[in-house]
Amino acid sequence: MPSESPLASLRAAAEGVRQQLQVNAFDAAAVQRLADFIEQQRPSIKDSEKQGVVTALGCFLGQCLVDTYGGTWAQGPDKTTGVGINRAYFFNPFFRVSEQLAKGEAESVVKFFAGIPERLALKPVRKNWIS
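Starting afresh in each chain, residues are numbered from 1 along the sequence in its written order. Only residues with pLDDT of at least 70 get local features here, since the model is predicted, and only at 80 or more are side-chain atom pairs given and counted; chain-wide, interface and lining totals rely on the full set of residues. Hydrogens are left out, water is left out, and the side-chain values use all remaining heavy atoms of the structure.

For the protein chain, the name recorded in an unreviewed UniProt entry is DUF3806 domain-containing protein, with Hymenobacter wooponensis as its organism.

Shown next as structure tokens:
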């Protein structure tokens, strides 16, 4: 039996978290529920469990980026997995989840997610070598 594609694995993990969080979609409301869940679980997550938690919750946050902002799962320049948007931006949802786990609400995934439209509105800076 062939192993499933990395994309299928990411989506399956995201779907598992969606069901666990009891949300209907991968949207802003789901990200709020994710942030609340992270805050509830932060004190009890053991170091040995942290990587698995970050992976599962990062898949969920990434799928919210894909569905809400039209992103696609991609590999970044540093070979990390994340979400590309508009062929100009790359976001690492696993990093965002680990930051909230480590630092609490000051690094909330909700603040990150809500800030995406502002980032997308900025034009990527391109150097114009011809004057």
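Draft legend 1. Quick peek at the pattern of salt bridges. Salt bridges are defined by distance alone: a side-chain nitrogen of Lys or Arg within 4 Å of a carboxyl oxygen of Asp or Glu. If you walk through the whole model with that rule in mind, you get 5 salt bridges. The shortest N-O distance in the salt bridge between Arg-18 and Glu-15 comes to 2.6 Å. Here the residue Arg-18 and the residue Glu-15 both occupy positions in helix α1 (residues 6-21), the gap between them amounting to 3 residues, near one helical turn. With its nearest N and O atoms 2.8 Å apart, the salt bridge here joins Glu-107 to Arg-96. Secondary structure elements follow DSSP: runs of H or I of four or more residues count as helices, runs of E of two or more count as strands, with numbering from the N terminus.

Draft legend 2. Spatial organisation of the packing of helix α2 (residues 28-41) against helix α3 (residues 47-69). Each axis is a line fitted through C-alpha atoms, and for a helix only the stretch in contact is used; angles between axes span 0 to 180 degrees, taken between their N-to-C directions. Viewed as axis vectors pointing N to C, α2 and α3 meet at an angle of 160°, and their least axial separation amounts to 10 Å. When the axes of α2 and α3 are compared, the pair comes out roughly antiparallel. In the packing of α2 onto α3, the handedness of the crossing is left-handed. For the pair α2 and α3, the contacting residues are Ala-28, Ala-30, Val-31, Leu-34, Phe-37 and Ile-38 in the first and Leu-57, Phe-60, Leu-61, Cys-64 and Thr-68 in the second. Roughly parallel means an angle under 35 degrees; roughly antiparallel, over 145; roughly perpendicular, 65 to 115; everything else is oblique. The handedness criterion is simple: a crossing whose near helix is rotated anticlockwise from the far helix by less than a right angle is left-handed, and one whose near helix is rotated clockwise is right-handed. By definition in these notes, contact holds between two residues if any of their heavy atoms fall within 4.5 Å.

Draft legend 3. Local environment of unusual backbone geometry. A positive phi angle, near 60°, is found at Gln-22, a position not held by glycine. As for its position among the elements, Gln-22 is in the loop between α1 and α2. Even without glycine at this site, Asn-86 takes up a positive phi of about 60°. Looking at the secondary structure, you find Asn-86 in the loop between β2 (81-85) and β3 (89-91). Accessible area is worked out with a 1.4 Å probe on protein chains only. A residue is then buried under 20% of its type maximum, exposed over 50%, and partly exposed in between. A relative accessible area of 53% places Asn-86 in the exposed class.

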